[in-house]
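Each chain, written out:
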Amino acid sequence: MVRDITIMPGLDKAGVRENFSVITLCAGETVSIVGPTGSGKTAFITDIELLAQGDTSTRRRVLLNGEVPDDEVRNNPSLKPIAMITQKTKCFADLTAEEFLQIHARARGIKNFGIVGDTIELANKFTGEKITAESRVTILSGGQTRSLMIADAILIGAAPVILLDEIENAGIFKQEVLRIIHDSGKIVIFVTHDPVIALLTKKRIIMEHGSVKMVLYRSESEVRAAQNLLELDNRVSVIRENLRAGKTITKDLLAVNFY
Ligand SMILES: Nc1ncnc2c1ncn2[C@@H]1O[C@H](COP(=O)(O)OP(=O)(O)OP(=O)(O)O)[C@@H](O)[C@H]1O
Ligand SMILES: [Mg+2]
């Protein structure tokens, strides 16, 4: 069980110590990491993925439940309580989606293979391009691959910590991912440039020059802004899906009061 993760400060890109004492993320927390390109967002979650012990370029250390994790937990992927999905995540095995998930389920000691169908069904909630049991994982699109990996991390990996690096640009229904992942009892960290995701998390970590600049908590006015933004985002999604389907955008089709 992962109750919490603690991140201890490291050094910024210039080698200056980071200006926080510790950051603790508890089970059930959803956090976003924001900051300019190159500011160290991916490096921050990679430290968590690796359970860094002062041995990465940032020199941070990461504790699980307040303790230094065992080497076995750090090095054995099947024991690792952390799943990281990036834009580069790709499956290399020449298997069908069903075979791929069955192998993972078996490795996790799961006897109920019904979970394979459930995982494909969940993945299909995240992507408009349907994945079937027979789809070969090597030829899935980027959006399909990430959808399958997120569903796999939630159901089969049952990872208590999920790290998502810029999933918004991946042809994924991010609001579905957020809805399902919220209240899952997991620690979920979104690296994001997307204001919808950033405003839907209560906690926001701001990065600059390779270090944590500050940790912010969402304010009441931001909660209201998030609601408006969600509505706007839904409208944009309708336009996007229609454009992708080759339709032209008319006032009637959308009944959107943009004009
Ligand atoms: N504290 C640090 N010390 C040394 N190098 C760092 C530090 N933080 C980040 N870097 C390095 O800086 C580069 C950019 O960082 P990173 O890829 O994490 O940025 P990013 O915020 O994810 O950018 P993008 O938004 O473009 O994805 C990487 O090569 C990374 O290893
Ligand atoms: Mg990055």
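Scoring rules and cut-offs
Residues numbered from 1 in each chain as written. Chains lettered and ligands numbered in written order. Predicted model: local features only at pLDDT ≥ 70, side-chain atom pairs only at ≥ 80, totals over all residues. Pairing = 2+ DSSP bridges. Helix = DSSP H or I, 4+ residues; strand = E, 2+ residues; numbered from the N terminus. Axes fitted to C-alpha atoms, helices over the stretch in contact; angles between N-to-C directions. Near = placed C-beta within 6 Å. Nonpolar A, V, L, I, M, F, W, Y, C, P; charged D, E, K, R; others polar. Domains from an automatic or database assignment. Contact = placed C-beta atoms within 7 Å.

Chemist: Help me out: how do you make sense of the sheet that holds strand β3 (residues 30-34) in this one?
Modeler: The strands that make up a sheet pair up through hydrogen bonds in the backbone, lying either parallel or antiparallel. One open sheet holds the six strands; their spatial order is β5-β6-β7-β3-β8-β9, and the pairing between them is mixed. The two strands at the open ends of the sheet, each matched to only one other strand, are β5 (82-85) and β9 (211-217). Mean inter-strand twist for the sheet, computed between neighbouring axes without regard to direction, equals 20°. Of the strand pairs in this sheet, strand β6 (residues 161-165) and strand β7 (residues 187-191) are connected by five bridges, and their pairing is parallel. Across the sheet, residue leucine 163 finds its bridge partner in β7, namely isoleucine 189.

Chemist: What is the right way to look at the site of ligand 1 in this model?
Modeler: If you check the shell around ligand 1, you find 17 residues, and the closest are Gly40, Lys41, Thr42, Ala43 and Gly210. Considering every element that reaches the shell around ligand 1, the biggest residue donor is helix α1 (residues 41-50), with three residues. Classifying every residue of the shell around ligand 1 by side-chain character gives three nonpolar, 11 polar and three charged.

Chemist: Teacher, can you tell me more about the domain arrangement of the protein here?
Modeler: A common measure of how large an interface is: the accessible area buried when the components associate. Under the domain assignment used here, the protein contains domain 1 (1-81 + 160-218), domain 2 (90-157) and domain 3 (220-259). Each partner contributes to the interface: domain 1 provides five residues, whereas domain 3 provides seven residues. Here the side of domain 1 that touches domain 3 is built from residues that sort into four nonpolar, no polar and one charged.

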